[in-house]
Amino acid sequence: LLQIRIVLPVVDHHISAKPKLAGRRGRSTSLKERQPSRPQNERANSLDNERSLDTRCHLQIPRKTVYDQLNHILVSDNHLPDSIILINTSDWQGQYLSDMLQNHHLPVVCTCTTADIQAAFNTIVSRIQRFCNCNSQTPIPIKIAVAGAQHYLSAVLRLFVDHLSHKTPDWLGYMRFLIIPLGTHPVSKYLGTIDYRYNSLFQDAAWRDLFHKPEAPVVAQENPDVVSRVTQYMMGANGAHQLPIAEAMLTYKQKSPDEDSCQKFIPFIGMVKVGIVEQTSATSGDSDDAAPLGSSLLSSTPPQISPALKEASPTPPSSPSVTTSFCAYSSVGQTELMGLQVDYWVAPTERKKDMEKRDSSSKNTLKCNFRSLQVSRLPLGGAEPSPQPTMSMTVVTKEKNKKVMFLPKKSKDKEVESKSQVIESISRLICTAKQQQTMLRVLIDGVEWNDVKFFQLAAQWSSHVKHFPIGIFGHTKGPY
C-alpha cells in the first residue's frame, strides 16, 4: 500500500502535465496562424522572399488594436462592409485624421508598422474569401481608403500584387482603393488632373497647407472640414480608374561576401528617382545600419520617436536597404552630378513597326552627367493611358563647353545652364552608374532602396495583376 501511494502521484503528474503543455503551445501559435502562408513567387512580390521561418519570431507582431478594429468592422462572413479606411498613424497627420474620423464613428483601422498593414490586408483578403465561400453571388467591391503619403500607398500596392498574383482574375474586381493624401503624393496629384471633384477635395490649398505642415495645427477652427471631405469621397467615388502597374527590377549588392549580387522585383504606379550613394555617406538607410528584419515600409517606432518614417531593410536574403524618409532623397544627387548610363527602348508606333522589323536594334542611350533623373508611370498632363504601356523620363543634365581664352595657355571650362529633357513612350529602361564601384540610391514610389548596382524598369507588371483599381468620382477635368 505504501508503494502504491508513492507511485500513483508520479503517474498522475505525467498524465496531467502533457495536455497542459500542449495547450500552451496551441495558444502561443494562434497569433502566427492568423497570417496565412502562400506559395512563393519570385516575381509576384519580394515581401515573401524577405521573410523566412527562422526570422519570423524576430519580426514585429501586429498590435491587438488592429485586430480589434478589424473585427469591429468585419462583423460577419455573410456580409462585407462598404468601406474600410486604412490610416498610417506613425506621424501626426495620420493621428490627427484618425482622431477626427473615429469621433464620427467611421470604419478606421490605424496602422503604424509594416506588421500592422500586413495584418490588416491579410484579414481583409481572408474575409473576402470567406464571403465567397459562403455566398454564390459576386461580392460588391470594398472601398479601401488608403490615408498616408506615397510610400504608404506603395506598401498597400505591394501587398495587393502579392496576394492577387495567387488569386484568380475575378479577384481584381473585389477591391477598389481610395487615395487620401497626407503629404507628398504624386498619384493623388495625378488623380486631381482627371477628376475635378477629387481635385477640389484633396488638391486645394487648404488641404495641402494642413497636411504638409511639420507639426499638428493648434487652432482647429482654421482647418478645412476634413471629415466632410473624406465622407464625400467615400460615398461619391463610385467610378473606377485602372492605374497601370509597372515593374522595377533592382540588382543590388549582397551583404555577404559569398554572393556578388541579387535581384528584387518591385511594383510601382508613380515615380522612380535616382541618386548616388557616396562611400562616405552615413545616412541611416545604408546597409550597415539596416536592421536585419523584414523590409519595413512604415515606421517601426512610436510616432513621437520617428515621425520621418525611416526604416531599413533586410536579410535574409540580403536586400537593398530601405528608407522612407522624404528628406533623404532631397539631400542626395541634387547639388552633385551623377555619372550614369541610361539605355531605353521607345515603344514603336504604327508607322515605325515596319521599320523596326528590319532593324530590331531600337535601343537609345544617354551617357552623361545628370543632375536628376526621374521616371514616371503616370500619364503626362492627365492624358488617358495609351494603348501600349509606356513610361516617361525627365532628365536634367549638366554640360560644359570649352571656351578658348587668349590670355591663359590652357582652355577653361565654362558651365552652362542645366539642360532639361522629357522623353516619352518608353517601354523599357536600364540605368547603371558609369563607375562600376558606385552604388545607386533609387526612390520607388517614395520608398528608398540603397546599394543598388543597376536597375531595370518595365512599363507593365509581368503577372495578370496589371492594374491598380482606384476609386474616383468620374473622369471630369472641369474648369482649371
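Thresholds applied
Residues numbered from 1 in each chain as written. Predicted model: local features only at pLDDT ≥ 70, side-chain atom pairs only at ≥ 80, totals over all residues. Heavy atoms only, no water. Helix = DSSP H or I, 4+ residues; strand = E, 2+ residues; numbered from the N terminus. Buried < 20%, exposed > 50% of the residue type's maximum accessible area, 1.4 Å probe, protein only. Contact = heavy atoms within 4.5 Å. Areas by Shrake-Rupley, 256 points an atom, 1.4 Å probe, with all protein chains shown as cover. Pairing = 2+ DSSP bridges. Phe/Tyr/Trp six-rings, centres within 6.5 Å; stacked < 30°, edge-to-face > 60°. Axes fitted to C-alpha atoms, helices over the stretch in contact; angles between N-to-C directions. Parallel < 35°, antiparallel > 145°, perpendicular 65-115°, else oblique. Left-handed = near helix turned anticlockwise from the far one by under 90°. Nonpolar A, V, L, I, M, F, W, Y, C, P; charged D, E, K, R; others polar. Salt bridge = Lys/Arg side-chain N within 4 Å of Asp/Glu carboxyl O.

In the annotation of an unreviewed UniProt entry, the entry for the protein chain reads Phosphofurin acidic cluster sorting protein 2, and the organism field reads Dicentrarchus labrax.

Draft legend 1. Focus on the overall build of the protein chain. Each helix and strand counted, the protein chain has 13 helices and 18 strands in total. Going through the 480 residues of the protein chain one by one, you find that 48% of them count as buried. Contacts spanning at least 24 positions in sequence make up 74% of the contacts within the protein chain whose residues lie at least 6 apart. As presented, the protein chain carries roughly 24,400 Å² of accessible surface, and 53% of it is formed by carbon and sulfur atoms.

Draft legend 2. Region of interest: the pairing of strand 18 (residues 467-472). Within strand 18, 5 of the 6 residues are buried, leaving the element largely enclosed by the surrounding structure. With 6 bridges joining them, strand 5 (residues 239-244) and strand 18 adopt antiparallel strand pairing. Paired with A240 across the bridge in strand 18 is G471.

Draft legend 3. Summary view of unusual backbone geometry. Positive phi values are uncommon outside glycine, yet S425 reaches one of about 60°. Structurally, S425 can be placed in strand 15 (residues 419-433). Unusually for a residue other than glycine, D445 sits at a positive phi of about 50°. Locating D445 in the fold gives a position in the loop between strand 16 (439-444) and strand 17 (447-458).

Draft legend 4. Looking closely at the packing of aromatic side chains. Counted by the stated rule, this structure contains 14 aromatic pairs. Ring geometry for F160 against F177: centres 5.4 Å apart, planes inclined by 85°, an arrangement best described as edge-to-face. Residue F160 is found in helix 7 (residues 150-164), and its partner F177 is found in strand 4 (residues 175-181); the two are separated by 17 residues along the sequence. Relative accessible area serves as the criterion here: at 0%, F177 is assigned to the buried category.

Draft legend 5. A look at the packing of helix 4 (residues 64-73) against helix 6 (residues 114-134). For the pair helix 4 and helix 6, interaxial distance at closest approach is 10 Å and the crossing angle is 30°. On the basis of the axis angle, helix 4 is roughly parallel to helix 6. The interaxial crossing formed by helix 4 with helix 6 has right-handed handedness. Across the interface between the two elements, V66, Y67, L70 and N71 of helix 4 pack against D116, A119, A120, T123 and R127 of helix 6. For the contact of helix 4 with helix 6, the per-class residue count stands at 5 nonpolar, 2 polar and 2 charged.

Draft legend 6. How the structure looks around the packing of helix 6 against helix 7. Put simply, helix 6 and helix 7 touch, their axes get as near as 11 Å, and they point 40° apart. In terms of their interaxial angle, helix 6 and helix 7 are classed as oblique. Like other packed secondary-structure pairs, helix 6 and helix 7 cross with a definite hand, here right-handed. Along the contact surface, helix 6 presents I117, Q118, F121, N122 and V125, while helix 7 presents Y152, V156, L159, F160 and H163. The residue makeup of the contact of helix 6 with helix 7, split by class, is 7 nonpolar, 3 polar and no charged.

Draft legend 7. Region of interest: the environment of L182. Mapped onto the elements, L182 comes out in the loop between strand 4 and helix 8 (186-194). When the C-alpha atoms of L182 and Y152 are compared, they prove to be 9.7 Å apart, with 30 residues separating the residues in sequence.

Draft legend 8. Region of interest: the pattern of salt bridges. All chains considered together, the criterion is met by 5 salt bridges. Of the charged contacts in the structure, one is a salt bridge between D116 and R63, with a shortest N-O distance of 2.8 Å. One end of the pair, D116, is in helix 6; the other, R63, is in the loop between helix 3 (53-56) and helix 4, and 53 residues separate them in sequence. Across the pair E448 and R441 runs a salt bridge whose closest N-O atoms are separated by 3.4 Å. Accessibility classification places E448 together with R441 in one group, the buried group.

Draft legend 9. Focus on the environment of I472. Relative to the helices and strands, I472 is located in strand 18. Each C-alpha atom of the pair I472 and Y198 lies 7.1 Å from the other, and the pair is 274 residues apart in sequence. Not counting the four nearest positions on each side in its chain, I472 is found in contact with L191, D195, G236, A237, N238, G239, A240 and H241.

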